[in-house]
Structure formats: C-alpha cells, structure tokens
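Now for the letters of each chain:
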Amino acid sequence: MTVAVTRAHPSRTSAIPRAAALGIALAALATVVWSGSFVTSRALGESVPPVQHAFWRWVIALAAVAPFGARRAWRQRTLIRRHLGYCLLASLLGVTVYNTLVNQAGVTTPAANMGMIMAASPVLMAVWERAGGVRLGARRVAGLLTACAGVVLLVGHGGVASFSAGDLWMIAAACCFGSYSALLRRRPAGLDGTAFLFTTFLLGTAMLLPAQAASLAVQGGFSPEPGTVLPLLYVGVASSAVAFFAWNKAISLVGPTRAGVVYYLQPVCVALLSWALLGEAIGVWQVLCMALILGGVMLGAASRSRA
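Residues numbered from 1 in each chain as written. Predicted model: local features only at pLDDT ≥ 70, side-chain atom pairs only at ≥ 80, totals over all residues. Heavy atoms only, no water.

Draft legend 1. Expanded view of the overall build of the protein. The helix and strand tally for the protein stands at twelve helices and zero strands. For the protein, the N- to C-terminal ordering of α and β elements is α-α-α-α-α-α-α-α-α-α-α-α. Looking at the protein alone, contacts between residues at least 24 apart form 91% of all its contacts between residues at least 6 apart. When the accessible area of the protein is evaluated, it comes to approximately 14,300 Å², of which 69% is carbon and sulfur surface. (Helix = DSSP H or I, 4+ residues; strand = E, 2+ residues; numbered from the N terminus. Contact = heavy atoms within 4.5 Å. Areas by Shrake-Rupley, 256 points an atom, 1.4 Å probe, with all protein chains shown as cover.)

Written as structure tokens, this is what we have:
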C-alpha cells in the first residue's frame, strides 16, 4: 500500500508542471498571433470600415471552426441552452464588442500604441479573479506589477504614446478583453472547449448583423482585393480560430491571472513586428523596458513549487 502511494506521487506532481507549461505556451502563442492582428487593424483602418472588418473576421473564423465545433455544439445543445446567458455575455464581450473596438481604434491609433494599451488588460483579469476569491500569491502579484511597470515606462517615456480618440477605444477594448478572459474561468462544467468556441463565434457574429447592415447602408462596402482579403483571412483563421482556441485552453489550464501576465508580451511582440516588417527603430529605452516586461512575465508565470 505504501509503495503504491509512493510510486503514484511523482507522476501526479509532474503532471501539474506539464499542464502549467502547456498553458503558458498556449498563452504565448495567442499573444504572438494577436500582435499581428493589431498591425492588420491599423492597415485596414482606411480601406475596410471597422464593423465590416469585425463581421467578416468572425464569418471567416466561424467557417474555420465549424468542421471541428459545429457537431460538438449540436451534441451539447441542451447544456448550451441551459447556460445561454453565459454564452451570450462571453460572445458579446469577446467577439461582438472587443474586436469592433480594436478596429475602430485602428482608424486613428498606431499599432504600437494599440499593443501597449492592450497590455493593461491583465490588471483587470487579476482584479476579477481576486474578486472571485482566488488567492493570487506574492510571486504572481510581483510579476504582474513588474511587467505593468515596464508597460507604463514604455508608454510614458518621451511622450511615446500620444493619446487620441483611438486610444480611448483601445482602453474600452482592453476592459472588454480582460472581462472576457476572467469570465472564461466560469465556463460551465462539461461544456467542450471547441463547442464553446463555435457557439461564441456564432452568437457574436449574429449580434454583429444589425451593425453590419447599418454600416453597409451608411458607409458602403469595400473592394475584395488581395490587400483586404488576405489580412481578413489572417485575422479570421489565425487571430480568431487558432488564437482564441489557444487562449481559452490556456485559461482553463493556468487561470486568467497567470495567462494575463504572459499577455504583457504584447507590446514587445508588436514592437518587434514593427521593427521587422516596417523598419521602425527600437531605442535603448524600449529594450530596457522590454527586458523589465519579460522579467515580470517570467516571475509571474513561473509555477510555484508547492500547490
């Protein structure tokens, strides 16, 4: 009896770090992919109206997820109907409103500003999780504050961020995303992740239909050419189907606060993409702030030695 317990203990404890490592990796994947979507939102700001950008993004995402999630959602339709209010709220925050606000911000705000402002959303994730009674732990709070300090210094040094109306849209988007991420922690037990993803994409797209019709009537459509279609395919497949699946899975494995600390990599990724794709220079101050952000991410994302 004693020998059996002793042998089972290492496998049980080793499974915890593996799950945490997978959760951190998935959160990092989603963060890197989403960094590209801010550049895309900025690039399409003048050619595709924000609501139409969001609508077609989710139509494409829905088509990408349907082969994997439609049948599972149908099998769990009773459970989904029972928790329809939860699904509607998650769809509203994470699909209908969040990306529409990001696209609206992209009309007037540089992609770098968008990424830096969105990096503040983990603070709200931590607040919501703490309000739910979850003890965050000193290490995680220290990592959160360290990374947050790096973001504040990066935004504020030398007037890097010149706030505009678009920045205010991004602040609202950050609040929506933080609330959505915290809400994921309360996903109904037994609801399959892929089925949930398909359901939120479907409901979120349906709620965008009235705004899409109004935008077409007032602003007209856009030209379906490579410069508009290819970015929409990227945000629809990679930034929506792939990244949201990875992020939702990360939340289920490590929780919104630890995944949120990884999300602080957002301004670093956006800055590096701007440097690689747009040729924008990165100064010494930016490098130092990025090091502070990365240090905070490593501190806050590290799994504790004790449960």
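Draft legend 2. Spatial organisation of the packing of aromatic side chains. This structure, assessed with the given rule, holds eleven aromatic pairs. Between F177 and W247, the aromatic rings sit 5.5 Å apart at their centres with planes inclined by 40°, giving tilted as the arrangement. Taken together, the residues F177 in helix α8 (residues 165–184) and W247 in helix α10 (residues 226–263) connect sequence positions 70 residues apart. Judged on exposure class, the residue F177 and its partner W247 are both buried. Three or more aromatic residues joined by ring pairs make a cluster, and in this case those are W34, W58, Y98, F177, Y180, F201, F244 and W247. Stacked on the ring of W58, the Lys or Arg R57 has its end atom at 5.2 Å from the ring centre. (Phe/Tyr/Trp six-rings, centres within 6.5 Å; stacked < 30°, edge-to-face > 60°. Buried < 20%, exposed > 50% of the residue type's maximum accessible area, 1.4 Å probe, protein only. Lys NZ or Arg CZ within 6 Å of the ring centre and 35° of its normal.)

Draft legend 3. Inspection of α10 at higher detail. Relative to the 56 Å expected for 38 residues at 1.5 Å per residue, α10 spans just 30 Å between its end C-alpha atoms, considerably shorter than the ideal helical length. For α10, the principal kink sits at G255 and spans about 110°; a proline, P256, occurs within the next four residues. (Expected span 1.5 Å × (residues − 1). Bend = angle between axes of the 7 residues up to and from the residue.)

Draft legend 4. Expanded view of the packing of helix α2 (residues 50–75) against helix α9 (residues 193–219). Where α2 meets α9, the axes come as close as 8 Å, and the angle between the chain directions of the two elements is 150°. What the angle tells us is that α2 and α9 run roughly antiparallel. Considering the relative orientation of α2 and α9, their crossing is left-handed. In the contact of α2 with α9, the residues fall into 22 nonpolar, seven polar and one charged. (Axes fitted to C-alpha atoms, helices over the stretch in contact; angles between N-to-C directions. Parallel < 35°, antiparallel > 145°, perpendicular 65-115°, else oblique. Left-handed = near helix turned anticlockwise from the far one by under 90°. Nonpolar A, V, L, I, M, F, W, Y, C, P; charged D, E, K, R; others polar.)

Draft legend 5. Just the pattern of salt bridges, in detail. Throughout the structure, instances matching the rule amount to one salt bridge. Salt-bridge contacts for D192 lead to R72; the nearest nitrogen and oxygen are separated by 3.4 Å. Note that D192 is positioned in the loop between α8 and α9 and R72 in helix α2, a separation of 120 residues in sequence. For R72, a relative accessible area of 39% corresponds to the partly exposed category. (Salt bridge = Lys/Arg side-chain N within 4 Å of Asp/Glu carboxyl O.)

Draft legend 6. Region of the structure containing the environment of Q52. Residue position: Q52 is located in helix α2. Look at Q52 and you get buried, because its relative accessible area is 1%. Sequence-wise, Q52 and G221 are 169 residues apart; in three dimensions their C-alpha atoms are separated by 8.0 Å. What Q52 contacts, discounting residues up to four positions off in sequence, is Q212, S215, L216, G220, G221 and F222. Within polar-contact distance, the side chain of Q52 engages the side chain of S215 at 3.0 Å. (Polar contact = N/O pair within 3.5 Å; in protein donor to acceptor, adjacent residues only side chain to side chain.)

Draft legend 7. Inspection of the nonpolar core at higher detail. F38, Y98, M118, F201 and W247 are the most contacted members of the largest nonpolar core, which has 61 residues in total. No other element matches α10, which puts twelve residues into this core. Leaving out residues up to four positions away in the same chain, F38 has contacts with Y98, V102, A111, M114, G115, M118, M170, Y263, Q266 and V270. Ranked by size, the runner-up nonpolar core spans eleven residues in total, among them A126, A147, Y264 and V268. (Core = buried A, V, L, I, M, F, W, Y, C linked by side-chain atoms within 4.5 Å.)

Draft legend 8. How the structure looks around the environment of W128. Mapped onto the elements, W128 comes out in helix α6 (residues 121–131). Classification of W128 as partly exposed rests on a relative accessible area of 44%. Taking the C-alpha atoms as reference, W128 lies 9.4 Å from S181; in sequence the two are 53 residues apart. Apart from residues lying up to four places away in sequence, W128 is in contact with G178, S179 and A182.

Draft legend 9. Structural context of the side chain of T40. Of note, T40 is situated in helix α1 (residues 2–43). Look at T40 and you get buried, because its relative accessible area is 10%. Those residues within four positions of T40 in sequence are excluded, and the remaining contacts are H53, P231, Y234 and V235.

Draft legend 10. Geometry of the side chain of Q76. Considering the arrangement of structural elements, one finds Q76 in the loop between α2 and α3 (77–82). Within the structure, Q76 has its side chain in polar contact with the backbone nitrogen of D192 (distance 2.9 Å).

None of this, on its own, says anything about what the molecule does.
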